[in-house]
Amino acid sequence: MTLKSYLALITLSTITIIVVAVGVVFGYSLQQTYLEGISQRGIELARVVAHDEKVIKAVQQSNSGVPTSLEHYIETLRSSTDASFIVVVNKHAIRLSHPIAKRVGKKFIGDDVYEALDRGRDYTDVSRGSLGMAIRNFTPIRVDGKIIGAVSIGYLSKPTGDLIYRHLQEAALLVGFVYLLGIVIAGFFILKLKRTFLSLEPEEIVQKFKEQELLLDSIRDGIIAIDSHQNITTINNTAIEWLDRNVPSRYQVVGDQLSNHSQALSHFALEANGQLSKRNFHIGKVAFYANLYPMHHKKGQYGYVIVFFPNYEEKSLEQELITTKNYADLLRAKTHEYSNRLNVLSGLLQSERYHDAVEYLQQESDGYQKILRQVIHSIENSAVAGLILAKQNKALDSKVEFHIDADSHLGGYPTQVSENLVTLLGNLIDNALLAAWSNRDQQAPEISLYISDRSAHIMIELEDSGAGIPDDLDNRILDFGISSKHSSEQHGIGLYLVKKIVDQYQGSLDWERSESHTTVFSVYLDKQALTR
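Since we're looking at a predicted model, the values are computed, not measured.

A. Local environment of the pairing of strand β6 (residues 232-235). In this sheet, β6 lies alongside strand β5 (residues 222-226) in antiparallel orientation, the contact comprising three bridges. The residue bridging alanine 225 from the neighbouring strand is threonine 234, located in β6. The antiparallel pairing of β5 with β6 creates a hairpin that spans five residues between the two strands, and glutamine 230 there sits at a positive phi of about 65°.

B. Representation of the sheet that holds strand β7 (residues 277-283). With antiparallel pairing, five strands are arranged side by side in an open sheet as β6-β5-β9-β8-β7. If you trace the sheet from one side to the other, it starts and ends with β6 and β7, each paired once. Averaged over all adjacent pairs, the angle separating strand axes in this sheet is 25°, with direction ignored. In this structure, β7 lies alongside strand β8 (residues 286-296), joined through seven bridges in antiparallel fashion. Counterpart to asparagine 280 in the pairing with β8 is tyrosine 289.

C. The sheet that holds strand β12 (residues 457-464), seen in detail. Reading across the sheet, the five strands line up as β10-β11-β12-β14-β13 and stay open at both edges, with mixed pairing between neighbours. Of all strands in the sheet, those bounded by a partner on one side alone are β10 (401-404) and β13 (508-513). Neighbour-to-neighbour, the strand axes of this sheet turn through a mean angle of 15°, independent of strand direction. Taken together, the eight bridges between β12 and strand β14 (residues 519-526) define a ladder with antiparallel strand orientation. Each residue of the ladder has a partner; that of isoleucine 458, found in β14, is leucine 525. With respect to the sheet, helix α11 (residues 382-397) is in contact with β10 and β11 (446-452), its orientation differing from that of β10 by roughly 150°.

D. Main features of the packing of aromatic side chains. Evaluated as defined, the whole model comprises nine aromatic pairs. Three or more aromatic residues joined by ring pairs form one cluster here, namely Trp242, Phe268, Phe281, Phe288 and Phe308.

E. Looking closely at a nonpolar patch on the surface. Taken together, Leu174, Phe177, Val178, Leu181, Ile185, Phe188 and Phe189 make up a surface patch of nonpolar side chains, about 720 Å² in accessible area. With respect to the helices, strands and loops of the structure, phenylalanine 189 is situated in helix α5 (residues 157-196).

F. Highlighting unusual backbone geometry. Of note, lysine 399 is a non-glycine position whose phi angle comes to about 65°, a positive value. Note that lysine 399 resides in the loop between α11 and β10. A relative accessible area of 69% means that lysine 399 is categorised as exposed. For histidine 517, which is not a glycine, the phi torsion comes out positive at approximately 60°. Relative accessible area serves as the criterion here: at 51%, histidine 517 is assigned to the exposed category.

G. Spotlight on the packing of α11 against helix α12 (residues 415-438). Relative orientation of the contacting elements α11 and α12 amounts to 15°, with a least axis distance of 9 Å. In terms of axis orientation, α11 runs roughly parallel to α12. Where α11 crosses over α12, the two elements pack in a sense that is right-handed. Taken together, the residues of α12 that come into contact with α11 (itself represented by Ala383, Val384, Leu387, Ile388, Lys391, Lys394 and Ala395) are Ser418, Leu421, Val422, Leu425, Gly426, Ile429, Asp430 and Leu433. Of the residues belonging to the contact of α11 with α12, the class tally is 10 nonpolar, two polar and three charged.

H. The pattern of salt bridges, seen in detail. Counted under the stated rule, the structure contains 11 salt bridges. A salt bridge links aspartate 112 to arginine 136; the shortest N-O distance between them is 3.0 Å. Highlighted residues: aspartate 112 in the loop between β1 (85-90) and α4 (114-117) and arginine 136 in strand β3 (residues 132-143), separated in sequence by 24 residues. Like arginine 136, aspartate 112 is buried. Where arginine 119 meets glutamate 115, a salt bridge forms, and the shortest distance between an N and an O atom there is 3.4 Å. Judged by relative accessible area, arginine 119 falls into the exposed class, the value being 55%. You can call glutamate 115 buried: its relative accessible area is 17%. Each of Glu44, Arg47 and Asp122 takes part in one network of salt bridges that share partners.

I. Molecular detail of the side chain of asparagine 236. Along the polypeptide, asparagine 236 turns up in the loop between β6 and α7 (237-243). Asparagine 236 gets classed as buried once you look at its relative accessible area, which sits at 0%. Each residue touching asparagine 236, except ones within four places of it in the same chain, is listed here: Leu216, Asp217, Ile219, Asp221, Gly222, Ile223 and Arg250.

J. Inspection of α11 at higher detail. Taking 1.5 Å per residue as the helical rise, α11 with its 16 residues ought to reach 22 Å, and the 23 Å between its terminal C-alpha atoms agrees with that figure. Looking only at α11, the buried set comprises Val384, Ala385, Leu387, Ile388, Leu389, Lys391, Gln392 and Ala395. The opening residue of α11, the one whose side-chain oxygen lies 3.2 Å from the backbone nitrogen of alanine 383, is asparagine 381. Taken from the residues just after α11, lysine 399 is the one with a positive phi, measuring 65°.

Analysis parameters
- Residues numbered from 1 in each chain as written.
- Predicted model: local features only at pLDDT ≥ 70, side-chain atom pairs only at ≥ 80, totals over all residues.
- Heavy atoms only, no water.
- Pairing = 2+ DSSP bridges.
- Helix = DSSP H or I, 4+ residues; strand = E, 2+ residues; numbered from the N terminus.
- Axes fitted to C-alpha atoms, helices over the stretch in contact; angles between N-to-C directions.
- Contact = heavy atoms within 4.5 Å.
- Phe/Tyr/Trp six-rings, centres within 6.5 Å; stacked < 30°, edge-to-face > 60°.
- Patch = residues over 30% accessible without salt bridge, like charges linked within 9 Å, V, L, I, M, F, W, Y side chains within 5 Å.
- Areas by Shrake-Rupley, 256 points an atom, 1.4 Å probe, with all protein chains shown as cover.
- Salt bridge = Lys/Arg side-chain N within 4 Å of Asp/Glu carboxyl O.
- Buried < 20%, exposed > 50% of the residue type's maximum accessible area, 1.4 Å probe, protein only.
- Parallel < 35°, antiparallel > 145°, perpendicular 65-115°, else oblique.
- Left-handed = near helix turned anticlockwise from the far one by under 90°.
- Nonpolar A, V, L, I, M, F, W, Y, C, P; charged D, E, K, R; others polar.
- Expected span 1.5 Å × (residues − 1).
- Polar contact = N/O pair within 3.5 Å; in protein donor to acceptor, adjacent residues only side chain to side chain.

Next comes the structure, spelled out in structure tokens:
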């Protein structure tokens, strides 16, 4: 069912129920009011007749045994009213008048007349008499306080029903007009509501919201929409991760003040004054760049869509140049080193000292071959194996001892899982190498790696001889932009990326300071989560 049909059905049903209910109540009230009016009018007319001197005299004569008839006089009175009949009876309930002449002198039909004759009450009743069903109103005729007879004013049901029916017809026309007017007004608002919803059906509106959420979360920039009071109306997961990683869901942020999550962005919005604005700010040690786009609302109020992202432009180029220069220096050093070794080997061969040349080659290759055999034997995942060998060479160049536990083992995994494992393990090893090398004056620099997937989890333990994590950063070391390193080139992103991968695979990440003054990082990943 379309939105228009759905709203039309609900509106039509509601209006119909209301109109029918109001019509029934109105019709019942009209009928009761009309009947009460007839009753009141009948009692008043009966009282007037009961006080008529001619009527009183005729009743007194009838009570004395003198035959008396009021038929002509009473019928003349009745013809000037809307009553169906006027019957006067003496104290024995004998009729002195009746619309049908032959019934004069006969006894009144019905016991309801005795309420007036015996008890002296004004009384109204709906009952059947000689003329049929009627509304009969009774009042006693008194002389000096003594009841001598009674007057009955009647309204037959059929003429009364016809009058009520005519009144109900008029009321029905009014109710019908109101019903049609309600349908027209409801139709107008349904069309307006349909245009407001851009002619979209409810399912399409829900789908649009889902698409918007997926689209926002697929964007790697942080996006926040705020209203004129700086209440957050929309936010994507990237923005939540950068601003407040303790919030598990975006719906807990929507409706909050922007200042509760970023004072810098809140100040930017206040200073923008409804204009397009661009600003720089920091989260931890990481520089960010923010664009504020104004959204104009009704009555001159406006909010903003804020798009922000890490500002790596100049620093990225500088870092890339530094890395390239260091790599070139390293290549020159390696070239010089291996050139010297080739010269030694050439001299041994030219002097025909072949045995010494073989021993020299064997000595140079034994160490590397041992590690290569160990990695090939224990690490089946080629991407991770290549990473470990590359980090082994890096450790060798940095004069850091790199030990791989002989009991290590890792099987093959899909490409996406392997890429995440390489990111996780690469960042952990880089941090360990740097920590060990930085603390070389206090301890001999070394790191140890153990990795195993023999159980239901992938377990990674990396121990380094570094100085450890400062106490003031212990609870924030996994946050984006937080780093224990003093170099401005280190951005505190490595452990943040590690934590994201650990959370993705429903794992855990812990670290501790050992008794031998080393730092041990332990990672556990759920193997079932890797294959989902």
